[in-house]
Amino acid sequence: MLTFTEVILFSLETLIMVCAIVLCVGALLGALISRTFLPPEQKRDLEQSLQLTRQELSQYQQDVAQHFAETSKLVHNLTQSYKEVHEHLAKGAVELTNSEISRKIIAAGEGTLNLQGTSIEGATVEPPKDWAPKTPGESGALSEDYGHDEEEPVHQPPHVPVPKKAG
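Residues numbered from 1 in each chain as written. Predicted model: local features only at pLDDT ≥ 70, side-chain atom pairs only at ≥ 80, totals over all residues. Heavy atoms only, no water.

Draft legend 1. Broad picture of the overall build of the protein chain. Looking only at helices and strands, the protein chain features three helices and zero strands. The linear arrangement of helices and strands in the protein chain, starting from the amino end, is α-α-α. A total of 167 residues make up the protein chain; the buried ones form 7% of that total. Within the protein chain, counting contacts between residues at least 6 apart in sequence, those at least 24 apart form 24% of the total. Here the protein chain has roughly 15800 Å² of accessible surface; of this, 62% comes from carbon and sulfur atoms. (Helix = DSSP H or I, 4+ residues; strand = E, 2+ residues; numbered from the N terminus. Buried < 20%, exposed > 50% of the residue type's maximum accessible area, 1.4 Å probe, protein only. Contact = heavy atoms within 4.5 Å. Areas by Shrake-Rupley, 256 points an atom, 1.4 Å probe, with all protein chains shown as cover.)

The following block contains the structure:
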């Protein structure tokens, strides 16, 4: 014979399992009933709303693609215009200035200009430096004593006598 404690534990386990099974079955039945008895008008409205949203998304994606295509075309035109202006300036520099200025302008365009009928003397071009050049043994431009000679006396402001008050 079962004791009272064993009956309660057995019954509690059974109750929990039965509740879980009933909950699952109820959820399935509820979902099935709500789909089956959903009014057709509401179903149709939801489908129309979904279709409209898809069309709006598609139109938006087309607008974005068109915007970026136009932006790309405009940037290309801007680049081409910049190149033409630079070529015009370089050609004018070759024709109107001395060879040193002409070399600098052409070097700025990396020598890729289409200058026909013009010639410039060959020259070595160095990129700009981001530091101050110095000779060995000198202090650099960022040194505390840069520009101060050791033999140079320290300048002091002239002494101005202060008049004494009479009295």
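Draft legend 2. Structural detail: helix α2 (residues 40-96). For α2, with 57 residues, the first-to-last C-alpha span of 83 Å sits near the 84 Å given by 1.5 Å per residue. Those residues of α2 that are buried lie in contact with α3 (99-108). (Expected span 1.5 Å × (residues − 1).)

Draft legend 3. Just the confidence of the model for the protein chain, in detail. For the protein chain, the mean per-residue pLDDT works out to 76, and 64% of the residues sit at or above 70. For the protein chain, per-element mean pLDDT is lowest for α3, which scores 73, and highest for α2, which scores 90. (pLDDT = per-residue confidence, 0-100.)

Draft legend 4. A look at α3. Residues of α3 that are buried: S102, R103 and I106. Down the axis of α3, the sector holding all buried residues measures 100 degrees, keeping them to one side. Turned more than 90 degrees off the buried face of α3, the exposed positions are K104 and A108. As for α3, its buried residues are in contact with α2. (Arc of directions from axis to C-beta.)

Draft legend 5. Structural context of the pattern of salt bridges. Per the counting criterion, the structure on display carries one salt bridge. The partner of K73 in a salt bridge is E70, and the shortest N-O contact between them spans 4.0 Å. A residue pair is termed a helical-turn pair when its members lie 3 or 4 positions apart in one helix, as K73 and E70 do in helix α2 at three residues. (Salt bridge = Lys/Arg side-chain N within 4 Å of Asp/Glu carboxyl O.)

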